Amino acid sequence: MTEEQIGVNEELDKQMLIIKSFLEHLEYTLGKDKYSATAYDRFNALAYAVRDYLVERWLDTQQAYYNSDYKRVYYMSMEFLMGRTLSNSLINLGLWEDFKDAISSLGNDFDQIVNEEQDAGLGNGGLGRLAACFLDSMATMSIPAYGYGIRYEYGIFRQHIIDGAQVEIPDNWLRYRNPWELDRQEHLHTVKFYGRVISTPDANGKLVREWVDTDDVMAMAYDTPIPGYQTQSVNTLRLWSAKSSREFDLKFFNEGNYIRAVEKKMQSETISKVLYPADNVVEGKELRFKQEYFLASATVHDVIYRFKKKHQDMRLLPDKVAIQLNDTHPTLAIPELMRVLMDVEGVEWEEAWDITKKTFAYTNHTILPEALEQWPVWFFEQILPRHLQIIYEINERFLKEIREHFPNEPERLARMSIVEEHWERKIRMAHLAIVGSHSVNGVAALHTEILKNELFRDFYEMYPERFNNKTNGITQRRWLKMSNPALSALIDEYIGGGWTTNLYDLEKLSAIASDPEFIARWRQVKRSNKEGLCRYIKQHNDLDVDPDSLFDVQVKRLHEYKRQLLNVLHIITLYNRIKDNPGAYVVPRTFIFAGKAAPAYATAKLIIRLINAVAAVVNHDPDVAGRIKVVFLANYSVSLAEKIFPASDLSEQISTAGTEASGTGNMKFALNGALTIGTLDGANIEIMEEVGRDNIFIFGMTAAEVSQLRARGYNPREYYNGNRELKRVLDMIASGFFSPWAPDLFTPLTDSLLNLGDHYMLLADYASYVACHEKVAELFKQPDEWARRAILNCAGMGKFSSDRTIDQYAREIWGIKPVNILPGTVELQRH
Ligand code: 26Q
């Protein structure tokens, strides 16, 4: 046989094995044959076949980590917004083509099967998706890492739009099985709640603390494999599920009231029921507090259990373990580790505190005051009495340290104390996280400066060495290679495929940004992606959209600081200009919105209604003649985002400067060839530095100007009275032009701008925004020049790979190096 023939044979063998595995899973795992199998059964059979490939490498990887005994990192997060797993796994395994060919050869529509998969929506937005991108990067870089979170039975709600308004539908994502997870019945930890603390002196007179009479809940582990790209390593995402404890059963069932006992049992299992759907705002509920402790306690126990397989001396913990806290949500892990070290392991305070600080690092993701967690002291008194003692002790020692550091500044004590003493006493979780960690980082350069100079200034003055920046990134495997196959193939053709593991390779596109042939190909790809989105819009919104119009897109959670309302003010301005001058040429535009509002956030929900009300007017006005259209796509999610970014021309990143910590959607758009219109906020600033001032549309006040204006006294009415177009737009909204059936419907929105201070300063940035959009329209008239800039924009995205971010965390915070995985460490029958 020739080499070529051997290659063909190997390829055929591979396909036969895939087909065999798929059919076996269909028959033996799912009990179906090709006649009775539904599309969803086929998806599951396919997923199990893929999982088999993952499991081998997974066992190898875990064995290699165990053998090497390198330091491990634990990424603790209340959210992991994973999206779909099938395509991503196939791409990372390098098996996409093989599986597609094999499954298609059986007469299946492969894309249709892929589309059967439900999103794993265990997160709200940026913070949760960042955690998912980090897992992909850590696996790809062979970093011994574990994600730790909660296996919510209900993920982020599904959003329906009914009569223009958001309606929430529960997302019962586990109902039809989750083929990716493996339950680990043996990895169980007891998590205690309530009860009381008894202190008894030991032989040396030292007080021994016992936390007794507790209500216990079991945390059971479910593991999901996280494959790296083009590597042997497969890491683990471990999610905890609440199960009632045996003792719990005995206690309540012995009382003889059977139904009441079952009720109690179910209650204890509600801890992992549902993800809180609040984004950038705190929901101060007892159940959320319990969820946070549930994650903290189960994870700390698991980490120590794994550490103890190889070590006895707890002082070595920081050499073997780094724990990254994804915002303050898992911060109870700090007092929990202190408790276990002292009350269980018998370590003295000073030593325990030293170990704890060296182990933990904290990432802040928001400076919005309403999103900073502060839990009432009485929650602790009832639910975590021992932790309250520990926090008080941490605080006393900390206050003493402040007095020594700043002897004559008593005001600092109240400002910095972990305990907030005003009105209701509360524990400030950010203060606890900073004091109990050796590293505090922001997620973009500007954000970190704001942390150092404003939000945490006192702490920065005391511990300057703790503060550092880690600008966010995204994984190019999911957000370009997987979601935009046409653009990926084009880029590969011109500069090769190195960008998938080294995004700085995209710089090579700069050299061909003016090449007419490349520009033509680039435009073809964008055009065909836009046609794809047009079909989606037709199917879901029954709207015909012109694929040649400028797709002007704002997709993200609904929040006042993100200023979707400013975008709407601009749309109405254009509408008025057309009405005044129906014959004039305007650049055709399609405004696309998507995003969920927190169910209790009335203003955000009203903004959704306004967008849909404006859409109803604009889309049906014969004077507009289809030149502007407004589309609100329901149920924004990871899988919908994957369809939108590749089809976008313009990315709206228009938050008030100083409010968006980083943003990561901004990076996903740019990577997929959209130009940005944005403020100098979050990572937009660094994007501008990378792509050049000429290749981004910047408008509005800087963060410094926002602060100055606020200090001077901001009066939105000045802008209203000083700008006729603006006044007209606001008057239309307030008078019910878009809601004739309920003329007052939208006055809360105009009130907040005109009468309640316009906190996010939309009116101050309006004129600059509208003027900037005129430049956008001018450029869009020159499609080759637009494409050239989009190419340069994409070429500058190297910095924004989450691989770069993770590399910095690994070196600068965790002190961790990659582990070389040797295949075949675990002997198993191989495919
Ligand atoms: C807290 C307590 C109780 C209930 C909910 C919460 C809660 C939940 C989610 C508080 C905040 C969040 C989410 C914050 C978030 O997503 N922040 C975003 O993080 C991204 C990744 O760093 C940044 O890019 C965004 O700028 C930032 O808004």
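Just so it is clear, the structure is predicted and the values come from calculations on it, not from any experiment.

J.: Even after reading the chapter, I still don't get the sheet that holds strand β12 (residues 321-326), so can you show me in this structure?
T.: Within a sheet, neighbouring strands are paired by backbone hydrogen bonds and run either parallel or antiparallel to one another. Spatial strand order, β7-β10-β11-β4-β1-β12-β13-β17-β18: nine strands in an open sheet with mixed pairing. Looking at strand neighbours, the two that pair on one side only are β7 (182-193) and β18 (467-469), the edges of this open sheet. When strand polarity is set aside, the average angle formed by the axes of neighbouring strands in this sheet is 25 degrees. Two elements, strand β17 (residues 439-442) and β18, share three bridges in a ladder whose sense is parallel. Bridging across to β18, Asn-441 finds its partner in Asn-468.

J.: What am I meant to see in the nonpolar core here?
T.: One broad trend across soluble globular proteins is that nonpolar side chains are buried collectively. Formed by 134 residues in total, the largest nonpolar core has its most connected members in Leu-506, Leu-509, Leu-633 and Leu-763. With eleven residues, helix α31 (residues 762-780) is the largest single contributor of residues to this core. Once residues lying within four places of it in the same chain are set aside, the contact partners of Leu-763 are Leu-569, Tyr-714, Pro-716, Tyr-719, Tyr-720, Leu-726, Leu-730, Leu-753, Leu-754 and Asp-758. Within the second largest apolar cluster, 112 residues are counted, among which are Met-76, Ala-132, Met-338 and Phe-379.

J.: What's the story with the pairing of strand β1 (residues 72-76) in this structure? I'm lost.
T.: Two faces make up the sheet, and in a regular strand the side chains alternate between them. The element β1 is largely enclosed, with a buried count of five among its five residues. Burial of β1 is two-sided: the residues Arg-72, Tyr-74 and Met-76 facing one way and the residues Val-73 and Tyr-75 facing the other way are all buried. Bridge analysis of β1 against β12 gives five bridges, and the strand direction is parallel. Bridging across to β12, Tyr-75 finds its partner in Gln-324. Two elements, β1 and strand β4 (residues 145-150), share four bridges in a ladder whose sense is parallel. Pairing of Val-73 across the sheet is with Ala-145, part of β4.

J.: Is there a simple way to explain the site of the ligand in this structure?
T.: Near the ligand, the surroundings consist of 22 residues, among which Asn-280, His-365, Asn-472, Glu-660 and Gly-663 are the closest. Glu-660 is positioned such that a nitrogen or oxygen atom in its side chain is 2.6 Å from an oxygen atom of the ligand. Looking at which element gives the most residues to the shell around the ligand, the answer is helix α6 (residues 126-140), with three residues. Each residue belonging to the shell around the ligand can be placed in one class, and the counts come to eight nonpolar, eight polar and six charged.

J.: Got a minute to help me understand the pattern of salt bridges in this structure?
T.: Side-chain pairs of opposite charge can arise where the charged atoms are in close proximity. Here the structure, examined in full by the defined rule, presents 61 salt bridges. As a salt-bridge pair, Lys-285 and Glu-283 come within 3.5 Å of each other at their nearest N and O atoms. Using a relative accessible area of 44% as the deciding quantity, one classes Lys-285 as partly exposed. Of the charged contacts in the structure, one is a salt bridge between Arg-788 and Glu-785, with a shortest N-O distance of 2.9 Å.

J.: Before we go on, may I ask you to explain the environment of Tyr-460 in this structure?
T.: Turning to its location among the elements, Tyr-460 is positioned in helix α18 (residues 457-462). Taking the relative accessible area as the measure of exposure, Tyr-460 reaches 26% and is therefore partly exposed. If we ignore the near neighbours within four places in the chain, the residues touching Tyr-460 are Lys-452 and Phe-467.

J.: Where do I start with a negative patch on the surface in this structure?
T.: The grouping of Glu-10, Glu-11, Asp-13, Glu-97 and Asp-101 at the surface amounts to a negative patch. Listed by contribution, the elements that provide at least two residues to the negative patch are α1 (3-29) and α4 (96-105). Of all the elements, α1 adds the most residues to the negative patch, at three residues. Structurally, Asp-101 can be placed in helix α4.

J.: It is not clear to me how the UniProt feature "modified residue: N6-(pyridoxal phosphate)lysine" (unreviewed entry) in the protein chain should be interpreted in this structure. Could you clarify?
T.: In the numbering used here, UniProt assigns the "modified residue: N6-(pyridoxal phosphate)lysine" (unreviewed entry) feature to Lys-668. Positionally, Lys-668 belongs in helix α25 (residues 665-671). Residue Lys-668 is classed as buried on the basis of its relative accessible area of 7%. Look past the residues within four positions of Lys-668 in its chain and what remains in contact with it is Arg-129, Ile-474, Trp-479 and Phe-645.

J.: What is the right way to read the sheet that holds strand β15 (residues 419-420) from this model?
T.: With antiparallel pairing, three strands are arranged side by side in an open sheet as β14-β16-β15. With partners counted over all chains shown, the strands left at the sheet margins are β14 (374-376) and β15, one partner each. Pairing between β15 and strand β16 (residues 426-428): two bridges, direction antiparallel. If you follow Val-419 over to β16, its bridge partner there is Ile-427.

Thresholds, definitions, all that
- Residues numbered from 1 in each chain as written.
- Predicted model: local features only at pLDDT ≥ 70, side-chain atom pairs only at ≥ 80, totals over all residues.
- Heavy atoms only, no water.
- Pairing = 2+ DSSP bridges.
- Helix = DSSP H or I, 4+ residues; strand = E, 2+ residues; numbered from the N terminus.
- Axes fitted to C-alpha atoms, helices over the stretch in contact; angles between N-to-C directions.
- Core = buried A, V, L, I, M, F, W, Y, C linked by side-chain atoms within 4.5 Å.
- Buried < 20%, exposed > 50% of the residue type's maximum accessible area, 1.4 Å probe, protein only.
- Contact = heavy atoms within 4.5 Å.
- Near = heavy atom within 4 Å.
- Polar contact = N/O pair within 3.5 Å; in protein donor to acceptor, adjacent residues only side chain to side chain.
- Nonpolar A, V, L, I, M, F, W, Y, C, P; charged D, E, K, R; others polar.
- Salt bridge = Lys/Arg side-chain N within 4 Å of Asp/Glu carboxyl O.
- Patch = residues over 30% accessible without salt bridge, like charges linked within 9 Å, V, L, I, M, F, W, Y side chains within 5 Å.
- Areas by Shrake-Rupley, 256 points an atom, 1.4 Å probe, with all protein chains shown as cover.
- Lys, Arg positive; Asp, Glu negative; His and termini not counted.
- Charge placed at Lys NZ, Arg CZ, Asp CG, Glu CD.
- UniProt positions renumbered as here; feature names shortened; annotations may be inferred.

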